[in-house]
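# Understanding the architecture of this molecule
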Amino acid sequence: MRALRLEMLADAPLAFLETIADAAARPHADYCARIAAVSAGCHTAQFVADPGGRLVGHAGGVAVPQEPGLTVVYAVYVTPTRRGTGLLGELVEAVAAWSRSCGRPELMLEVVVGNDRAHRAYRKLGFTDTGVRVPHPTVPALQELQMRRPA
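My aim in this report is to walk through the structure given alongside it, one point at a time. (Residues numbered from 1 in each chain as written. Predicted model: local features only at pLDDT ≥ 70, side-chain atom pairs only at ≥ 80, totals over all residues. Heavy atoms only, no water.)

### Considerations on the packing of aromatic side chains
The tally for this structure, following the rule as stated, stands at two aromatic pairs. Between phenylalanine 16 and tyrosine 77, the aromatic rings sit 6.5 Å apart at their centres with planes inclined by 70°, giving edge-to-face as the arrangement. You can see phenylalanine 16 sitting in the loop between helix H1 (2-11) and helix H2 (20-25) and its partner tyrosine 77 sitting in strand E3 (residues 67-78), a full 61 residues away along the chain. Both residues of the pair, phenylalanine 16 and tyrosine 77, count as buried. Ring centres 5.8 Å apart and planes at 75° place the aromatic pair tyrosine 122 and phenylalanine 127 in the edge-to-face group. (Phe/Tyr/Trp six-rings, centres within 6.5 Å; stacked < 30°, edge-to-face > 60°. Helix = DSSP H or I, 4+ residues; strand = E, 2+ residues; numbered from the N terminus. Buried < 20%, exposed > 50% of the residue type's maximum accessible area, 1.4 Å probe, protein only.)

Listed below in structure tokens is the structure:
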């Protein structure tokens, strides 16, 4: 998971809320603890694509206390050689199934305005732009657009 996280941050630094330096500095034990914490329950979950040998994709989901029927999809990533293979859809569907099983019928995610590749990919998966724009959490000069779909 550590290797995949570092790849994610190197490939798409604006998409995640951590720097590659911070992720690289975290000890292996922290990654193990995080995996254990998100492997059960209905508050947060992470799903990985593991074809054997190394992880090639990731998607997480987290409950939103202010909106009990909503799961926020976060930290979505597919390694470049696996893009366009349907893996993104499989990861999002894993989050959706988990969300439904936890009683949350809707998904929401945020995409940096201008990241047209991600925007198109999520539209193909049934997400629609809500028209809501929010400041990027780490680069305030950027905006993110919110997209939603049924789980």
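### Digging into the pairing of E3
One ladder, built from seven bridges, connects strand E2 (residues 57-64) with E3; its direction is antiparallel. By the bridge assignment, histidine 58 is partnered in E3 with tyrosine 77. Pairing analysis gives three bridges linking E3 to strand E4 (residues 106-112), with the strands arranged parallel. Across the sheet, the residue bridging to valine 72 is methionine 108, located in E4. (Pairing = 2+ DSSP bridges.)

### Details of the sheet that holds E3
The strand order across the open sheet built from six strands is E1-E2-E3-E4-E6-E5, with neighbouring strands paired in mixed fashion. Unpaired on one side and paired on the other, strand E1 (44-49) and strand E5 (128-135) mark the two borders of the sheet. Along the sheet, successive strands turn relative to each other by an average axial angle of 25°, direction set aside. Across the sheet, H1 is in contact with E2 and E3; its angle to E3 comes to roughly 85°. (Axes fitted to C-alpha atoms, helices over the stretch in contact; angles between N-to-C directions. Contact = heavy atoms within 4.5 Å.)

### So, the state of the cysteines
Put plainly, two cysteines are in a disulfide when a covalent bond ties their sulfur atoms together. The final tally for this structure, using the stated rule, is one disulfide. The side chain of cysteine 42 participates in a disulfide bridge whose partner is cysteine 102; the two sulfur atoms lie 2.3 Å from each other. One disulfide, between cysteine 42 and cysteine 102, carries an S-S torsion of -80° and so falls in the left-handed class. Of this pair, cysteine 42 sits in the loop between helix H3 (28-37) and E1 while cysteine 102 sits in the loop between helix H4 (87-101) and E4, and the two are 60 residues apart along the sequence. By relative accessible area, which is 19% here, cysteine 102 ends up buried. (Disulfide = S-S within 2.5 Å.)

### Some details on a positive patch on the surface
Together, Arg117, Arg120, Arg123 and Lys124 give the surface a local cluster of positive charge. Within the element layout of this structure, arginine 120 appears in helix H5 (residues 116-124). (Patch = residues over 30% accessible without salt bridge, like charges linked within 9 Å, V, L, I, M, F, W, Y side chains within 5 Å. Areas by Shrake-Rupley, 256 points an atom, 1.4 Å probe, with all protein chains shown as cover. Salt bridge = Lys/Arg side-chain N within 4 Å of Asp/Glu carboxyl O. Lys, Arg positive; Asp, Glu negative; His and termini not counted. Charge placed at Lys NZ, Arg CZ, Asp CG, Glu CD.)

### Examining the environment of valine 139
Position of valine 139 among the secondary structure elements: in the loop between E5 and strand E6 (143-150). Given a relative accessible area of 28%, valine 139 falls into the partly exposed group. In sequence terms valine 139 and leucine 14 are 125 residues apart; their C-alpha atoms lie 8.0 Å from each other.

### With respect to H5
Considered for burial, the residues of H5 that qualify are Ala118, His119 and Tyr122. Along H5, the residues classed as buried sweep out an arc of 100° about the axis, all on the same side. Taken together, the buried residues of H5 touch E3, H4, E4, E5 and E6. The first or second residue beyond H5 is glycine 126, which carries a positive phi of 100°. (Arc of directions from axis to C-beta.)

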